[in-house]
Structures are given as structure tokens and as C-alpha cells.
Amino acid sequence: MNTAGHWEATPRRGLELTPFRGLRYDPDRVGSLASVTSPPYDVVVRPDGLHHLQSADPYNIVRLILPQAGTPSARTEQAADTLRRWLDEGILAADPEPGLYVYEQRHGDGMLQRGIIGTLRVTEPAEGVVLPHEDVMPPVVADRAALMRATRANLEPLLLTYRGDGTAAEVVERTADRPPLLATTTEDGYRHRLWSVTDPDELTRIQTDLAGRQALIADGHHRWATYRRLRLEHPSPSPWDYGLVLLVDTARYPLRVRAIHRLLHGLPVADALAAVDGLFRVRRLDKPLAQALETLADAACAGNAFLLAGDGAFHLLDRPDPDLLARTVPADRPAAWRALDATVLHATLLDHVWHIPEDSPAHIAYIHDTAATVEKAERDGGTAVLLHPVREEVVRDLARQGVTMPRKSTSFGPKPASGLVLRALEI
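Below is a summary of the structure that appears in this document. Everything numeric here is computed off the predicted structure, so don't read it as measured data. (Residues numbered from 1 in each chain as written. Predicted model: local features only at pLDDT ≥ 70, side-chain atom pairs only at ≥ 80, totals over all residues. Heavy atoms only, no water.)

### Quick look at the pairing of strand S16 (residues 305-309)
With respect to burial, S16 is a largely interior element, five of its five residues being buried. With burial as the criterion, each face of S16 is covered, one bearing Ala-305, Leu-307 and Ala-309 and the other bearing Phe-306 and Leu-308. Across five bridges, the pairing between S16 and strand S17 (residues 314-318) is antiparallel. When the sheet's bridge partners are listed, Ala-309 is paired in S17 with Phe-314. Hairpin geometry of S16 and S17 is characterised by an intervening segment of four residues between the two adjacent antiparallel strands and by a positive phi of about 140° at Gly-310. Pairing of S16 with strand S19 (residues 383-386), which is carried by three bridges, proceeds in the antiparallel orientation. Its bridge partner lying in S19, Ala-309 is registered against Ala-384. (Buried < 20%, exposed > 50% of the residue type's maximum accessible area, 1.4 Å probe, protein only. Helix = DSSP H or I, 4+ residues; strand = E, 2+ residues; numbered from the N terminus. Pairing = 2+ DSSP bridges.)

Encoded structure:
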């Protein structure tokens, strides 16, 4: 990394992005392109959200990424059958020639993101090409792997970032001046546009620029771990050597970084507060959510801080007992990792104080939407733990050191909509 904090081009083998024949919905066969899209599979966490998407259109992509049959094997077979049927019926069709895809997301609040969708050569973390920054949960990787094996498809791109501001970015800018393949606006207010890049010279410029770069996984650690597992299962060369990604150059299009919150099932707020008595400073905040989050942000500037909710109020936890942190936070990691709110939450609060297993869906849920986390905690009698987001440069610096953050520590966005372009491995 140079003094400006940018990724350096390196002589090592870098990002190898290849064209593919994207699968896309036939707009004449569906209600609208917006009605068949979905957030990524791990953002659709509420049953009402799932039902809403299923009701939006009988061909909504959620029927592939989150099938709802009874058993795990039935779910993956259901997704495979659905995909085959949609292909046979022409609901989804492959583009006539391979290409890379320029993808744009724009919002009225001023957010503009552009990147390149392609199939990326799958590498191991030790190669230093694609850098993870979070741990993964093995059951989730196993679930995604079963789905990809059954469908023989990458159903949604994961989100990677790099810092280049080079030739690839120039091709993206020129492409965005052309008429798009598709344009649609989803109900969250984002306008999506997609272009195909098939010109050999433009493809070469993109690939050459990326060949010396390295990328950070912004969203999709479990899917990248799934790509790695499936690549090892299939002798190379094979289509499993590559996985579907969206690459965003954050030198031109900085992402927003938000926190992922925790919902603790079966732990009432009163019990959570009683357990931390004397270990953290606790202050009740009789404020609206927006103002409570501002108070959390101020407290997080001075040290570890969390906001608990679920009983109709907000409770700020800050100023943890230094002796408690010394006893519970592993000392064999960099200081920046030990100081993370997510580290203290998992090592100190979840493990030591509340005794909640972090990988048990029966005990904990990871939710991106702040208001939804609070509402569900109040409805179910659990505890919402709200976090302040981590700065992107902290994430990047730890990843460069090979240090992973606690799982679900960050939420980079905007995330690519699922359903605009898919990849079938055998097409």
C-alpha cells in the first residue's frame, strides 16, 4: 500500500477476470425487471421480506437463491428444477456472446456506484490476490455449496473492491455513456443499469489493468469460501476455477460501510443489562432511533460502545472495564483488531458475559437493517445489539496483514441486486 492508502499494483499474479455468457431475464416474460430482483440471499432475513419478494413475481430470483422446500436436499433440488424449467421456458436466456458487464447503481441521495461483473479466477488467501476480512460460518458455506452444486450456477455476484483508477475505470466510464442492455428502478429507490462489454480491445484493456491488482471482499465472504471449496472438488481446468463477482474501483466510487447488527433470541434486555452491571457503563437513552445512533457514534469515537434495544428504550454500553477486556480479548492479534467493537462484542459480551454461541441461529441473528433489528427484538422479547460501522481503511489494513475480523463485522454497499445477470457454468 502506498502513502495515499491505495492498493499497489504488484508483480504477482493478480485479478484474472474473464468474460462469460450472462443469463438474463427476458423482459417480455416477467412482470418487470424490478419485480424479479432481490437483495443478496443473506440480506433477505425476515419471513415477511421473503414472502413479499415471492409475491412480487412468480419468477423472482429469491426462488433460486432461497428455495423454501422442507429439507436442505429438497431445497437445493427445488432450486435446480426451477432453474432448469426457467431456462427451458425461456424465462432466463443466455446472451449470444461472452462479455464483461458494466453495472451501475444510482440513488437520488447522490450515491453512484459503477463496477464490472465477470468471472474471476478463484484463489486462496495466501496468494494475496483476493483478501477476506471476515471469518465465515461453515454451515453457511456448506449450504451455499450444496445450492451451487445442484444448480451448477453462480446465481448472484459477490462484491469485491479494488483501488486502481486506471484503464479499466476508463472503459467503465465510456461504456456508461452508451444505451444500456437494461434499466430498472427497484423499490428501495435505486436505479440499476447494465451494459455488456464484448469488444476485444476493451476487454483486453480491462484484463490488463486488473492483472496486477488485488481486491478486498466487501460482501460475499461465504460465497467466496464456497467458490474455493467447489474449485478444490473439481479437477482443474474446469468452470469451477472461476466465480461470479462484481468488481468496484473505490478510488472512483467509494462504498458506504455500515454495521451489521445482532439480534439475541431469548435474552431479554433486562437480563442483558443485569449481566453487564459493573462491567460497562450503562446509560438509558429515551430518544428516537436516529438520535440514539448519533449518541452511539459519539461514544464509539472514544472507545468500544454498543446500543441495546428491545424494551422500548435504548441503552448505551460504553467504557468497558479494562481488566475485563484484558481477560477476554485474545492478545495474539494486532491492536487494531483487539479494539474493534465486533471483537469486544464476540469475545467479551457474547462469549464471556452472555454465553451466547455466535454460530447458532437459535440464539443469534445477523441483521443489516437497523430499524428491523429493533422492531423484531421488541416483538419477540429479545435484545438488539446495534453497532457503529468500522472505517474502510481499518478493514483494508487488517486484511493486508492477513487478519480476519469477527464474522459479520461490516456491511459494504450498495450491494448488487440479485437477478440482473446470472452465470450457468455449462453455458
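Now, onward.
### Digging into the side chain of Gln-214
Mapped onto the fold, Gln-214 is located in the loop between helix H6 (200-210) and strand S11 (215-219). Only 2.7 Å separates the side chain of Gln-214 from the backbone oxygen of Gly-128, close enough to count as a polar contact. Side chain to side chain, Gln-214 and Arg-400 meet in a polar contact 3.0 Å long. (Polar contact = N/O pair within 3.5 Å; in protein donor to acceptor, adjacent residues only side chain to side chain.)

### Looking at the environment of Ile-116
If you trace the backbone, Ile-116 turns up in strand S5 (residues 112-121). The class for Ile-116 is buried, based on a relative accessible area of 3%.

### Topic: the sheet that holds S19
Taken together, six strands build an open sheet; the order of strands is S15-S17-S16-S19-S14-S18 and the sheet is antiparallel. In this open sheet, the two strands that pair with only one neighbour each are strand S15 (281-285) and strand S18 (364-367). Between one strand axis and the next, the sheet turns through 25° on average, direction left out of account. Both strand S14 (residues 261-264) and S19 contribute to a ladder of three bridges, which runs antiparallel. Pairing of Arg-262 across the sheet is with Val-385, part of S19. Along the sheet, helix H8 (residues 269-276) makes contact with S15, S16, S17 and S19, crossing S17 at roughly 25°. Against the sheet, helix H13 (residues 370-380) touches S14, S16, S17, S18 and S19, its axis set at about 160° to S19. (Axes fitted to C-alpha atoms, helices over the stretch in contact; angles between N-to-C directions. Contact = heavy atoms within 4.5 Å.)

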